[in-house]
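Analysis of the macromolecular model
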Amino acid sequence: MFGLRCQKTAKPVPLTEIDVNVDIIGYVSNVTSSLQYHNEEDNPIEAVFVFPLDETSAVYKFEALIEGRRVIGKVKEKQKAREEYDDAIASGEGAFLFEEDDRSGDVFKCSVGNLPPKTSATIQLSYVAELPVEADSSLKFVLPGVLNPRYSSDTGAAAYDDTYMAPTGDVVTSEAPYKLKLKVNVSSPNSIDKIESPKSSIDVTYGGTSAQVKLKDDHKLDSDVELYVHYKDKHRPFAVTELGQGTDGFMADHTVMLTFLPDLSREDLVANCGEFIFILDRSGSMSGNKIKNARETLLLFLKSLPIGCYFNIVGFGSRHESLFKGSEKYDNKSLKTACKALGKMEADLGGTEILQPLQYVYKQPPIAGHPRQLFLLTDGEVWDTQACVKEVAKHADSARCFSVGIGEGASTALVKGVARAGRGKAEFVSGTDRLQAKVMRLLSCALQPTVTGVGLTWQLPDGVTAVPIPSTPPPIFSGDCFIMYAQLQGQLPVDVTKGSVTLCGQVLTEEIKHNLNLSLQSRDQEMPSAEDSPEPQQLHRLAAKTCIKELEVNLEKDDNDDSETVSDTTKKQIIDLSVATNVVSKFTSFIGVDSERGEPIEGAMVRRNVPRPQMMMCRAAYAAPPVLCAAPMAYAMDECDFGGLADDVYDDCDMAMDCDMEVLGLETEETVKSKAMKKKKNMFSMPSMPLFGGGSRGKSAAAPKKLGRSFAPDDDDDDEEEDSAPPSTVIPLQMAEGSWELDDDLAAVLGVKLDRLTKECPVQKKTVWATVLALVWLHSKMGDKKVEWQMLARKATTWLKGHQQGWSADDVVGKACGILGAKVDPSAILG
């Protein structure tokens, strides 16, 4: 939406253009970004550009072109690389440094030092990444465009770290000071159905099993660039072998990528027990649409939980608050309490302290027979990601951890890191994503029993062994893409070109097996070395990055054991593998020195930070007063008494965000109406949320009027009347056990008078009739969104089967269809 431009000097920003070329082959993307700098000043400059990348991306190439000279970057230990960079600058040589931020694995910094006056330079970096599979089976490619300020409490005072933003005094502008060009080539053995982008203007040319995508010239650098690739043959399992290059080492061995899609979607394999603890971000950076998405997410979780489980909600900011003293059994009473508290929830708890609530949850005593499942919902705008990942890794044997990153700019290092360490799964939800489908997918994974004894059985030629990467297989979830790598060590015989691998495991008492055939090729004796090869060796780089990430998790566990020797050994393994594969890591950096210029660069070097586009509403949420400025104020809720200022600040913040939405064209009729809408009291609906209908996603939500409001509901206001708009669907009206009540609220959603529904009730129990009506309504009115409510429907079907005495499914469902004007097969209601 907005960029930042420095007003301190009239000097132009040195970054002028970013040119990105992407090759998507199957599940893998290979990205090459070219950053063009130009120094129009009279002195040499140091241009510093900071940008986000997914933390699982394997950056393997970094080079610079300056005055016709090509400087190739090499991966070296981070401190050595920094010293080499500083020495080159001090001696008047040009130098280039690319490194991962010490605090977070999804933020990178590119420094161009001693760029001569009136000179241009092009920095080129390449990386590969796995593409995540969405709920609709599409593949999602993201080119990050938003780097929000992140919360840090290292100094002892809660403050939003603005290290990578432009200095204080900058103003908000409508354009970034550089251009972005993007070209994407897609190829697959299967036909391509379509390619779409919900936020960017693109041109797509299709060619059967290939396609070309270009970003239109009017694209603005206000958000991530997202592409969704739909293949006609939905991601069948496959194995790909990539030949090694060179004579020894990691890059010399053949690498295999294995992709499985196990189907464990039987109802008898869905768990009806468990302790579900929702850890919800209520910090200032969650204001606006993020907290609205969080409320929707949490209500969906609550409505879909199985009866008889246990749950709790912990909200956090500068402090944390627990809904219950300990996890409560899931029933109508506890669900009512949770929904009531959820309706009052706002982003009003200050900073983003995630570690403390994690520690609090892990200290709670476990409940026998109910495995603990954690769900972290956050925008991830923190710097202490390593401490959070370490805490989750320490308890991975006693609790699984799932995570949801809300909004653009959410830290992939945090969201993916805790999910990986906690043997769970991560999802990301932005303003244009279909939130509900992703949430249901995540909860579905959590309700699946753990697949134990996971292993790979190989059929390979004699003398050839497979080394799996990671060494411990990732968790398996039904319908989810399961990817592993392996290195084939040993000499492949010329006359053997086939092999196979079997994925084995056990779910409860049932064994699972999935077999894949391998195509093996013997090594060419004239194979070029890894350095001379024009091929990026994508699979080798991804395997190396996967191995590095596993070692980093092990390093966190080693730190918990206070073993310096073990930690040093693991760190050395990461550095050695990073250097050998030229894949940058948290302990290494790319360094390139322009030593062929012939003469030193003269003049005092001036540092120029390249500003980035940034979300205005996020900054307005924690600036006081919320003017169009670049630097947010330090902000500690427990230490500040805002008094009457709080209301004024948040009223102004409301105005700023409403204006922001209108500028973007996201203001809807429902948004306008909601400003005058009062709350309605309903036992199982959230008063402030028009969930599942009645408007478009991505609207602005009102900011809180009060700071520090308690998360728990008041005990003495159960009878207090609260007016609100009626729910737009039947979903918020469902009871904990899965049934519906026949009342005015349900009748309003169905569009039929309650008197008629009561008069024509064909069964003795009205809740049975109401539940059939609600299910028929879901199938007829929301059939295209079945993935979002199928778990609710499954719970309702189970309840109906337990109360199916004295009535016929054909008769009752037929009666309901007649009243609602629907056509639904009775088998869809009762199985």
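Computed from a prediction, not measured in an experiment: that's the story for all the values here.

Moving on to the overall build of the protein chain. On a plain count of helices and strands, the protein chain comes out with 18 helices and 35 strands. Within the protein chain, residue pairs in contact and separated by at least 24 positions form 77% of the contacts whose partners lie at least 6 positions apart. Carbon and sulfur atoms make up 48% of the accessible area of the protein chain, which totals about 33,700 Å².

Attention shifts here to the pattern of salt bridges. Opposite charge on two side chains lets them pair, provided their charged atoms get close. Counted by the stated rule, this structure contains 25 salt bridges. The partner of Glu55 in a salt bridge is Lys549, and the shortest N-O contact between them spans 3.0 Å. Residue Glu55 is found in the loop between strand E4 (45-52) and strand E5 (58-66), and its partner Lys549 is found in helix H8 (residues 538-560); the two are separated by 494 residues along the sequence. With a relative accessible area of 7%, Lys549 lands in the buried category. In this structure, Lys76 engages Glu84 in a salt bridge whose closest nitrogen and oxygen atoms are separated by 2.9 Å. Judged by its relative accessible area of 30%, Glu84 is partly exposed. Residues participating in the shared-partner salt-bridge network are Glu55, Arg420, Lys549 and Glu552.

The next subject is the sheet that holds strand E33 (residues 510-519). One open sheet holds the three strands; their spatial order is E29-E32-E33, and the pairing between them is antiparallel. The sheet is open, and its two borders are formed by strand E29 (451-459) and E33, each paired with just one other strand. Strand after strand, the sheet turns through a mean of 15 degrees between neighbouring axes, direction not considered.

When you line up the elements, Gly417 lands in helix H6 (residues 412-421). Given the relative accessible area of 2%, Gly417 is considered buried. Each C-alpha atom of the pair Gly417 and Val553 lies 8.6 Å from the other, and the pair is 136 residues apart in sequence. Setting aside its immediate chain neighbours within four residues, Gly417 contacts Glu55, Val389 and Thr412.

Moving on, we come to the packing of helix H5 (residues 385-394) against H6. The N-to-C vectors of H5 and H6 enclose an angle of 15 degrees; their axes lie 8 Å apart at closest approach. Classed by the angle they form, the pair H5 and H6 counts as roughly parallel. Crossing handedness for the pair H5 and H6: right-handed. Contact residues: H5 offers Thr385, Cys388, Val389, Val392 and Ala393, while H6 offers Ala413, Leu414, Gly417, Val418 and Ala421. Here the contact of H5 with H6 is composed, by residue class, of eight nonpolar, two polar and no charged.

So, on to helix H4 (residues 355-363). Counting along an α-helix, one turn takes 3.6 residues, and residues three or four places apart therefore face a common direction. Of the positions making up H4, those classed as buried are Leu355, Pro357, Leu358, Val361 and Tyr362. Mapping the buried residues of H4 onto a view down its axis gives an arc of 165 degrees, with all of them on the same face. Looking at the buried residues of H4, the elements they touch are strand E22 (275-281), strand E23 (310-316), strand E24 (320-322), strand E26 (372-378), H5 and strand E27 (399-406).

Next up on the list: helix H17 (residues 809-820). An ideal rise of 1.5 Å per residue puts 16 Å on 12 residues; H17 measures up with 16 Å between its terminal C-alpha atoms. Of all the residues in H17, the buried ones are Ala809, Val812, Val813, Ala816, Cys817, Ile819 and Leu820. Along the axis of H17, the buried residues cluster in a sector spanning 165 degrees; they form a single face. The outward face of H17, more than 90 degrees from its buried face, is lined by the exposed residues Asp810, Asp811 and Gly818.

On to the packing of aromatic side chains, then. When we look at a pair of aromatic rings, we describe it by the centre distance and by the angle of the planes. Under the defined criterion, the tally for this structure stands at 13 aromatic pairs. Ring centres of Phe278 and Phe301 lie 5.3 Å apart, and the angle between their planes is 35 degrees; this geometry places the pair in the tilted category. With Phe278 in strand E22 and Phe301 in helix H2 (residues 289-304), the pair connects residues that are 23 residues apart, well separated along the chain. Here the two residues Phe278 and Phe301 agree in accessibility, since each one is buried.

Structurally, Asp755 is set in helix H14 (residues 754-759). A C-alpha to C-alpha distance of 9.7 Å links Asp755 and Asp743, two positions 12 residues apart in sequence.

So, about the sheet that holds strand E2 (residues 15-25). One open sheet accounts for eight strands, arranged E6-E5-E10-E3-E2-E15-E18-E17; its pairing is mixed. Every interior strand has two partners, whereas the edge strands, strand E6 (69-72) and strand E17 (202-206), have only one. Within the sheet, the average angular offset between the axes of one strand and its neighbour, ignoring direction, is 15 degrees.

Turning to the pairing of strand E19 (residues 225-231), a few remarks are in order. Within E19, seven of the seven residues are buried, which leaves it mostly tucked inside the rest of the structure. Where strand E11 (residues 139-143) lies against E19, five bridges are found, and the strand directions are antiparallel. Pairing of Lys140 across the sheet is with Tyr228, part of E19. Pairing analysis gives four bridges linking strand E16 (residues 192-196) to E19, with the strands arranged antiparallel. Looking at the pairing, Lys194 lines up with His230 of E19.

Turning next to the side chain of Glu100. With respect to the helices, strands and loops of the structure, Glu100 is situated in strand E8 (residues 94-100). Buried within the structure, Glu100 lacks any salt-bridge partner; Lys545 is the closest side chain of opposite charge, at an N-O distance of 4.2 Å.

Moving on, we come to the nonpolar core. Judged by nonpolar contacts, the single largest core of 74 residues is most densely connected at Ile24, Tyr37, Phe98, Ile123 and Val186. Top element by residues in this core is H8. It accounts for eight residues. Once residues lying within four places of it in the same chain are set aside, the contact partners of Ile123 are Ser33, Ser34, Leu35, Tyr37, Phe62, Glu63, Ala64, Phe96, Cys110 and Val112.

Each value, and the rule that gives it
Residues numbered from 1 in each chain as written. Predicted model: local features only at pLDDT ≥ 70, side-chain atom pairs only at ≥ 80, totals over all residues. Heavy atoms only, no water. Helix = DSSP H or I, 4+ residues; strand = E, 2+ residues; numbered from the N terminus. Contact = heavy atoms within 4.5 Å. Areas by Shrake-Rupley, 256 points an atom, 1.4 Å probe, with all protein chains shown as cover. Salt bridge = Lys/Arg side-chain N within 4 Å of Asp/Glu carboxyl O. Buried < 20%, exposed > 50% of the residue type's maximum accessible area, 1.4 Å probe, protein only. Pairing = 2+ DSSP bridges. Axes fitted to C-alpha atoms, helices over the stretch in contact; angles between N-to-C directions. Parallel < 35°, antiparallel > 145°, perpendicular 65-115°, else oblique. Left-handed = near helix turned anticlockwise from the far one by under 90°. Nonpolar A, V, L, I, M, F, W, Y, C, P; charged D, E, K, R; others polar. Arc of directions from axis to C-beta. Expected span 1.5 Å × (residues − 1). Phe/Tyr/Trp six-rings, centres within 6.5 Å; stacked < 30°, edge-to-face > 60°. Lys, Arg positive; Asp, Glu negative; His and termini not counted. Core = buried A, V, L, I, M, F, W, Y, C linked by side-chain atoms within 4.5 Å.

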